[in-house]
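# A structural walkthrough
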Amino acid sequence: MARARNIQNPFASLIPSPVFNLVSSSPLTYLLFSPRKSPRSHSKFFTPSSAARILSFLFLLILVCFTLLGIFVLSFLPFNRDSVPCSFISPSSQFQLPYSKSHSQFLLASISSELSSVSVNDEPGLGSSMMFPLPIQRISGNLSKEEREFWQQPDGEGFKPCLDFSIRYRKASASISKERKRFLVVVASGGLNQQRNQIVDAVVIARILEAALVLPILQINLIWGDESEFSDIFNAEHFKRILRADVRIVSALPSTHLMSRQSVENQIPMDVSPLWLRAKFSRKLNEEGLLVLKGLASKLSKNLPPDLQKLRCKAAFHALRFANPIQELGNRLARRMWIEGPYIALHLRLEKDVWVRSGCLTGLGHQYDKIIAQVRESQTEYLTGRLNMSYTERRLAGLCPLNAVEMSRLLKALGAPSDVRIYIAGGEPFGGVQALHPLMTEFQNLVARDMLAKEGELSPFLNKSSAMAAIDFIVSLSSNVFIPSHGGNMGRLMQGHRAYVGHLKCIKPNKRGMIPFIEDSSLSNSEFGSIVRMLHKNSRGQPEPRNKKRDRDVIAYPVPECMCKHTTPIF
């Protein structure tokens, strides 16, 4: 009987739609479906009830037409769930904070909330896979013209991340990303940022050779004694997941390809092209199924086809995230620096090995220069400076790092206020505190990671120079202004990353133009300042297209291959 009742009333168990409820409760519907009663006083052919039914029918017809029209329009609207709101990666979304050391727990909690909103999910889109800085803070107060110019952020000219790979590239990805017979092993050498460049090149070379990439091997650093492996420094699972549509990446070489003796290719010329790589290594890969490359530093051509340039950006800015313990500590230190107000990050290249390799004098006196000269004579293989140039010629050519005296004069000339907080990135300076004394005299608020970290926080990373360099990178990324004292891999990576996440200001010292005026004691401070600001008027972080000088690295100059003018980022 219960079943029969259900059959007789089939709508009793259904939940009516909102449209059905709206229509059924309408007075017009009541008139349309009400029992027909024809009062005798009305005409046979046109009664009030029939007129009401006609009006109800027209109402329903109009409602259906508008519904269909709305569905038609919505079907043509673009929808990209991986797109990042422009305001999220733009300097225009700034906090207005006073330049003060006081802060609230509420504000700290809001920063933590914002950081957690960009954490990597199980299936992240490219928009959420980058290392984002904290919001750039606006500078308030009574500022001089020079100070306003110093803190002013570039507008970015509308350039946003744009990794729109070609259809041909995407079609080829179907087979390349599933490669199981040919494997590439790369040994990355040098410091952290040199290794990062080689890892990016390894991804591109694996794509060119259509081989699966084994997680790169980090060579033990002879200078710093760092024995860290890839997964100690980088988030390996994130690296594999982000690049899985481009290159197959495996954690280890399969047992089928293990050999008792593996030949290592380390004689690779400079500026090798995709054509050269295929001609040189494709046959070996087909026959042996394995290729081991070493000594890749800056060997791959900087002028690659557009799709491969985009792959370099994808690997550098999206795939290479630091391991979670490093990332979390770096974020904590960045928040502690950021919460106190705007700050500058200086990458000071004052380490002993830099002076040895560059062939330059330290500026600390004869005693220190003698130590560097002795090391350089006993280990001539470390000298990368031009052997046919004297120290003076190297310095005037801009090939030497700025020491503390020169960096201090540069900052004052550019308009940096004397009470500004400065984060010092880089290794232990040769000469210790004495090497930094001239800078500390002019700018008292110098901060290093040891001062920001609480007791025990840095303990897991002691004697691990790569982890310390990674922490410096994270804290420097959130600074208002970044200035390197010398060229190098960190400076180039920071320059490109800051441009990619929102065109944050990065000043490259014009050492060749500035050094002669530093030597001129007849110039007043105001005259020297005017000259320095003029020399750096084009070094204010505005997008500088890579194609103006073709040998530039796309990781340092992501415009125009990896960034284009769109209303929203394209990934």
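Residues numbered from 1 in each chain as written. Predicted model: local features only at pLDDT ≥ 70, side-chain atom pairs only at ≥ 80, totals over all residues. Heavy atoms only, no water.

Here serine 408 lies in helix α17 (residues 404-414). Overall, the relative accessible area of 4% leaves serine 408 in the buried class. Residues serine 408 and proline 438 lie 30 residues apart in sequence; the distance between their C-alpha atoms is 7.2 Å. (Helix = DSSP H or I, 4+ residues; strand = E, 2+ residues; numbered from the N terminus. Buried < 20%, exposed > 50% of the residue type's maximum accessible area, 1.4 Å probe, protein only.)

If you trace the backbone, serine 301 turns up in the loop between β9 (290-294) and α12 (306-319). On the basis of relative accessible area, serine 301 is assigned to the buried category, the value being 7%. Among the polar contacts made by the side chain of serine 301, one reaches the main-chain amide nitrogen of asparagine 303 at a distance of 3.0 Å. Among residues more than four places away in sequence, those in contact with serine 301 are Asp271, Val272 and Ser273. (Polar contact = N/O pair within 3.5 Å; in protein donor to acceptor, adjacent residues only side chain to side chain. Contact = heavy atoms within 4.5 Å.)

Sheets are built from strands that pair by backbone hydrogen bonding, the pairs being arranged parallel or antiparallel. Pairing is parallel in the open sheet, where 5 strands are placed in the order β12-β11-β10-β13-β14. Bordering the open sheet on either side are β12 (446-447) and β14 (505-506), each of which pairs with just one other strand. (Pairing = 2+ DSSP bridges.)

Here we come to α12. Compared with an ideal rise of 1.5 Å per residue, which puts 14 residues at 20 Å, α12 spans 18 Å between its outermost C-alpha atoms and is within 8% of the ideal. Summarising burial for α12: 13 of the 14 residues are buried, a large majority. (Expected span 1.5 Å × (residues − 1).)

As a further point, take the packing of helix α8 (residues 192-209) against α12. Where α8 contacts α12, the axes come no closer than 9 Å and their chain directions differ by 135 degrees. The pairing of α8 with α12 is recorded here as oblique in orientation. The interaxial crossing formed by α8 with α12 has right-handed handedness. In contact with Arg196, Val200, Asp201, Val203, Val204, Arg207 and Ile208 of α8, α12 contributes Leu308, Leu311, Arg312, Ala315 and Ala316. Of the residues belonging to the contact of α8 with α12, the class tally is 8 nonpolar, no polar and 4 charged. (Axes fitted to C-alpha atoms, helices over the stretch in contact; angles between N-to-C directions. Parallel < 35°, antiparallel > 145°, perpendicular 65-115°, else oblique. Left-handed = near helix turned anticlockwise from the far one by under 90°. Nonpolar A, V, L, I, M, F, W, Y, C, P; charged D, E, K, R; others polar.)

Taken as a whole, this structure holds 17 salt bridges when the rule is applied. A salt bridge links arginine 533 to glutamate 146; the shortest N-O distance between them is 3.9 Å. In this pair, arginine 533 sits in helix α23 (residues 525-535) while glutamate 146 sits in helix α6 (residues 145-151), placing the two residues 387 residues apart along the sequence. In this structure glutamate 146 comes out as partly exposed when scored by relative accessible area, which is 28%. Sharing partners across several salt bridges, the network here consists of Asp201, Arg312 and Asp553. (Salt bridge = Lys/Arg side-chain N within 4 Å of Asp/Glu carboxyl O.)

This part covers the environment of isoleucine 199. Take isoleucine 199: it is sitting in helix α8. The buried category is assigned to isoleucine 199, whose relative accessible area is 1%. Linking isoleucine 199 and leucine 296, residues 97 residues apart in sequence, is a C-alpha distance of 9.1 Å. For isoleucine 199, the contacting residues outside a window of four places in its chain are Pro216, Leu218, Phe230, Phe234, Phe239 and Leu320.

So, about the packing of aromatic side chains. Going through the model one piece at a time under the given rule, you end up with 9 aromatic pairs. An angle of 20 degrees between the planes, with centres 6.0 Å apart, marks the rings of phenylalanine 234 and phenylalanine 322 as stacked. In this pair, phenylalanine 234 sits in the loop between α9 (230-233) and α10 (236-242) while phenylalanine 322 sits in the loop between α12 and α13 (324-338), placing the two residues 88 residues apart along the sequence. Among the residues examined, phenylalanine 322 registers a relative accessible area of 1% and is labelled buried. Ring geometry for tryptophan 276 and phenylalanine 281: centres 5.8 Å apart, planes at 80 degrees, overall edge-to-face. For tryptophan 276, a relative accessible area of 29% translates into the label partly exposed. (Phe/Tyr/Trp six-rings, centres within 6.5 Å; stacked < 30°, edge-to-face > 60°.)

Bringing the nonpolar core into the picture now. Residues Leu184, Phe239, Leu293, Phe322 and Ile326 are the most contacted members of the largest nonpolar core, which totals 93 residues. It is α8 that contributes the most residues to this core, 10 residues altogether. Contact partners of phenylalanine 322, with chain neighbours within four places excluded, come to Met131, Leu192, Arg196, Ile233, Phe234, Asn235, Gln327, Ala470, Phe473 and Ile474. Core analysis: the next-biggest nonpolar cluster, separate from the first, contains 39 residues, Phe150, Leu411, Phe443 and Phe528 among them. (Core = buried A, V, L, I, M, F, W, Y, C linked by side-chain atoms within 4.5 Å.)

In this model, helix α11 (residues 274-288) (15 residues) spans 20 Å end to end at C-alpha, consistent with the 21 Å of a helix rising 1.5 Å per residue. Buried within α11 we find Pro274, Leu277, Phe281, Ser282, Lys284 and Leu285. In the core, the buried residues of α11 are packed alongside β4 (183-188), α8, β8 (264-265), β9 and α12.

What follows concerns the confidence of the model for the protein. When the pLDDT values of the protein are averaged, the result is 81; 76% of them are 70 or greater. Put simply, strand β1 (residues 95-96) is where the protein has its lowest mean pLDDT, 32, and strand β7 (residues 249-250) is where it has its highest, 98. The model gives residues 1-46 a pLDDT under 50, and that stretch makes 20 contacts with residues more than four places away or in other chains. Considering only residues more than four positions removed or in separate chains, one finds that residues 73-124, a stretch of pLDDT under 50, has 79 contacts. (pLDDT = per-residue confidence, 0-100.)

For β4, the tally of buried residues reaches 6 of 6 residues, placing the bulk of the element in the interior. Residues Phe183, Val185 and Val187 point to one face of β4 and Leu184, Val186 and Ala188 to the other, with burial holding for every one of them. Of the pairings in the sheet, the one linking β4 to strand β5 (residues 212-214) comprises 2 bridges and is parallel in character. Note that in β5 the partner of leucine 184 across the bridge is leucine 213. You can see the chain leave β4, run along α8 and come back into β5, and the turn it takes is right-handed. (Right-handed = clockwise from strand over helix to strand, strands pointing away.)

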